[in-house]
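A look at the structure
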Amino acid sequence: VQFTLQCFCNLPQLQIPLFLIFTTIYADIVFGNIVVLIAIIFDAHLHTPMYIFLSNLSVLDICYTSAILPKLLAMLYTQYKAIPLVSCIVQMYFFLTFACCEMILLAVMGYDRYVAICHPLQYCSIMNPRQCAYMLCCVWITSLLEPVVFIMFVANLSFCSSNNIDHFYCDVSPLLKLSCSDTTRGGLTIWKLGQCPRARVHTLVSYVFIIVNILKIHSVHGRYKTFSTCASHLSCVALFYVTTLSLYMRPTSMYTPMYDKFFSLLYIILIPMLNPVIYTLKNKQFRNTFEKFIIVTRMLIFHL
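Looking at an unreviewed UniProt entry, one finds the chain named Olfactory receptor and attributed to Staurois parvus. In its Subcellular location (unreviewed entry) section, UniProt records this for the chain: "Cell membrane". Quoted verbatim from the Sequence similarities (unreviewed entry) heading of the UniProt record, the comment on the chain is "Belongs to the G-protein coupled receptor 1 family."

Now the structure itself:
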């Protein structure tokens, strides 16, 4: 079976401009997250649980953007939009894996902020290197296994109608619509597994305790200082869930191919592009590290 991704076929005059725009955005995403990753690796002061989780978030953002954008760029440039069923399923698996991984990782980072704010004296003993490594292993292993049941279900579907997928990647809903098999069970599976409901609950519970703890602080300065330690992560969580809910929890009347493509672009491009900015913009320690990194890089280039 071979499918044809419709991509942005209704905008033929914009194929090359879109290729240039998405190439620039993809390069910016990869560069921004690599800079964050390098800064964390080479600065010993940043070898703390929060920054270790952030380095994994940077790797993750590069990965799940790379699951979609290179194929999209190739289609825009060559106008060859055919994709075999196997490649389609592989793309879907990795996209679901990385999306689920980001949800779980944000929950783990929320727990880290909960411990730092609500149990500061026990922070070092609770979030020790061994515990952090264990949590990260659980994040990646769970994410790799989470979509397997659904992917196996999709691999056994029969496709007997049109092979045109009105999207720019192999998303769940457009693919299920093309099947002549019963997809009710598959839709339920992806809703229960792919959306990782436990991660959402853990993130919510962590911030309920954090907010309650902050409200107990009497001074306004103390509240602001405490809240600033989790403001970056809270901004990333808000950005992630706003784009996710816009993509999957819209009214039925808004489920049109054009809307799906628009909200998918927000989800795939906006989050990995803004995450490095959010975490580094107001972080003095990271800015100092980044400035040192720039100085060292310039010195090396000058000597070469």
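And the narrative resumes.
**Looking at the packing of aromatic side chains**
Evaluated as defined, the whole model comprises 13 aromatic pairs. Seen from their ring centres, Y111 and Y114 are 6.0 Å apart, and the 35° between their planes marks the pair as tilted. With Y111 and Y114 both in helix α4 (residues 85–118) and three residues apart, this pair spans about one turn of that helix. Considering the side-chain rings of F240 and Y241, the 5.2 Å spacing of their centres and the 90° angle between planes classify their relative orientation as edge-to-face. Both residues of the pair, F240 and Y241, belong to the buried class. An aromatic cluster is present here, built from Y64, F95, F168, Y169, F240, Y241 and Y267 joined pairwise through their rings.

**So, helix α3 (residues 69–78)**
Turning to α3, its buried residues number three or more, namely L69, L72, L73, M75 and L76. Down the axis of α3, the smallest arc covering the buried residues is 160°, so these residues share one side. Positive phi appears at Q79, one or two residues downstream of α3, with a value of about 65°.

**Notes on unusual backbone geometry**
Positioned with a positive phi, Q79 is a non-glycine residue whose angle comes to about 65°. Residue position: Q79 is located in the loop between α3 and β2 (82–84). Relative accessible area serves as the criterion here: at 41%, Q79 is assigned to the partly exposed category.

**Focus: the sheet that holds strand β1 (residues 2–5)**
Taken together, three strands build an open sheet; the order of strands is β2-β1-β3 and the sheet is mixed. Both edges of this open sheet fall to β2 and β3 (164–165), since each of them pairs with a single strand only. Note that β1 and β3 share two bridges and pair parallel. Directly across from L5, in β3, lies its bridge partner I165. Taken strand by strand, α4 contacts β1, β2 and β3, and its axis lies near 85° from that of β2.

**Here we look at the environment of Y51**
With respect to the secondary-structure elements, Y51 resides in helix α2 (residues 49–66). Along the sequence, Y51 and V36 sit 15 residues apart, while their C-alpha atoms lie 9.5 Å from each other.

Cut-offs used in this document
- Residues numbered from 1 in each chain as written.
- Predicted model: local features only at pLDDT ≥ 70, side-chain atom pairs only at ≥ 80, totals over all residues.
- Heavy atoms only, no water.
- UniProt positions renumbered as here; feature names shortened; annotations may be inferred.
- Phe/Tyr/Trp six-rings, centres within 6.5 Å; stacked < 30°, edge-to-face > 60°.
- Helix = DSSP H or I, 4+ residues; strand = E, 2+ residues; numbered from the N terminus.
- Buried < 20%, exposed > 50% of the residue type's maximum accessible area, 1.4 Å probe, protein only.
- Arc of directions from axis to C-beta.
- Pairing = 2+ DSSP bridges.
- Contact = heavy atoms within 4.5 Å.
- Axes fitted to C-alpha atoms, helices over the stretch in contact; angles between N-to-C directions.

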